[in-house]
Amino acid sequence: MDDQENERVRPARAADVPAVRAVTDAAYRPYIERIGVVPRPMEADRGADVAAGRVFVTGDPVVGLVVVEAFADHLFLDSVAVHPAAHGTGVGRRLLRFVETHARELGLGEIRLYTNAMMWENRRIYPKYGYELVERRVDGPYDRIHYRKPLG
């Protein structure tokens, strides 16, 4: 597979579910000790998300993915996962660009997401990509920072 194909973001297929789970686990496992609970993306039913068309992947083999859900007034970015072996290679940037393009294609003018307050790496990254802090809210065992990005 050539480099351009390897950089493409595409809808996940049923055959990708094991890789989606593996990349999600690898990306989020380091946070378990820090936040004191298993991150919600690790417990999500990614098979159902793939079947519903909410998961998009990149790489062959899969090294990164996003899980999104369209609402009437925004695209919710449920999860971004990049395998640790692919950190620093532009995979995350590619996925965030894809989410923006996807939202625009759906006619949605805003992206929303949240991250755990203890995932400080994310709290540094999202503002660099134009995400604005909306609020901090505790939801059960999760202390979450909510962001939005108006697409204009």
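Look up a bit, the structure's there.
Calculation criteria
- Residues numbered from 1 in each chain as written.
- Predicted model: local features only at pLDDT ≥ 70, side-chain atom pairs only at ≥ 80, totals over all residues.
- Heavy atoms only, no water.
- Helix = DSSP H or I, 4+ residues; strand = E, 2+ residues; numbered from the N terminus.
- Rg over C-alpha atoms; globule rule 2.2 N^0.38 Å.
- Contact = heavy atoms within 4.5 Å.
- Areas by Shrake-Rupley, 256 points an atom, 1.4 Å probe, with all protein chains shown as cover.
- 1 Å grid on protein atoms, 1.4 Å probe; cavity = no way out; pocket = protein on both sides within 12 Å on 5 of 7 lines; lining within 4 Å.
- Points joined across faces, edges and corners; volume = space filled by probe spheres on them.
- Nonpolar A, V, L, I, M, F, W, Y, C, P; charged D, E, K, R; others polar.
- Buried < 20%, exposed > 50% of the residue type's maximum accessible area, 1.4 Å probe, protein only.
- Pairing = 2+ DSSP bridges.
- Right-handed = clockwise from strand over helix to strand, strands pointing away.
- Expected span 1.5 Å × (residues − 1).
- Arc of directions from axis to C-beta.

Draft legend 1. Fine view of the overall build of the protein. Within the protein one finds 7 helices and 7 strands. Order of helices (α) and strands (β) in the protein, N terminus to C terminus: α-β-α-α-α-α-β-β-β-α-β-α-β-β. Over its C-alpha trace the protein gives a radius of gyration of 15 Å, about what one expects of a compact globule, namely 15 Å for 152 residues. In terms of principal-axis extent, the alpha carbons of the protein reach across some 45 × 40 × 30 Å. Pairs at least 24 residues apart make up 61% of the contacts formed inside the protein by residues separated by at least 6 positions. Summed over its atoms, the accessible surface of the protein is roughly 8,100 Å², and 51% of this surface lies on carbon and sulfur atoms.

Draft legend 2. The arrangement of the layout of surface pockets in detail. In this structure, the largest pocket encloses a volume near 830 Å³. Lining the largest pocket are 36 residues, with Tyr31, Val80, Asn122, Ile125 and Tyr126 positioned closest to its centre. Where the lining of the largest pocket is concerned, the elements lending two or more residues are helix H2 (17-28), helix H3 (31-35), helix H4 (40-43), strand E4 (75-82), helix H6 (91-105), strand E5 (110-116), helix H7 (120-128) and strand E7 (142-150). A total of 6 residues in the lining of the largest pocket trace back to one element, the largest contributor, which is E4. Residue composition of the lining of the largest pocket, by class: 21 nonpolar, 9 polar and 6 charged.

Draft legend 3. Quick peek at the pairing of E5. For E5, a buried count of 5 out of 7 residues is recorded, marking the element as mostly surrounded by other parts of the structure. Here E4 runs beside E5; their pairing, made up of 3 bridges, is parallel. Considered in E5, the bridge of Phe76 is made with Arg112. You can see the chain leave E4, run along H6 and come back into E5, and the turn it takes is right-handed. Of the pairings in the sheet, the one linking E5 to E7 comprises 7 bridges and is antiparallel in character. Looking across to E7, one finds that Arg112 is bridged to Arg148.

Draft legend 4. Spotlight on H2. Compared with the 16 Å implied by 1.5 Å per residue over 12 residues, the 16 Å span of H2 between its first and last C-alpha is a close match. Those residues of H2 that sit buried are Val17, Val20, Val23, Thr24, Ala27 and Tyr28. The buried residues of H2 occupy an angular sector of 130° when the element is viewed end-on, so they sit on one face. Its buried side turned inward, H2 meets H3, H4, helix H5 (46-51), strand E2 (55-58), strand E3 (64-70) and E4.

Draft legend 5. Spatial organisation of unusual backbone geometry. Cis peptide bonds are those with omega within 30 degrees of zero, and the linkage from Asp60 to Pro61 qualifies with 10°. Assignment of secondary structure puts Pro61 in the loop between E2 and E3.

Draft legend 6. Quick look at the environment of Val67. Following the sequence through the fold, Val67 ends up in strand E3. Sequence separation between Val67 and Val57 is 10 residues, and the spatial gap between their C-alpha atoms is 8.9 Å.

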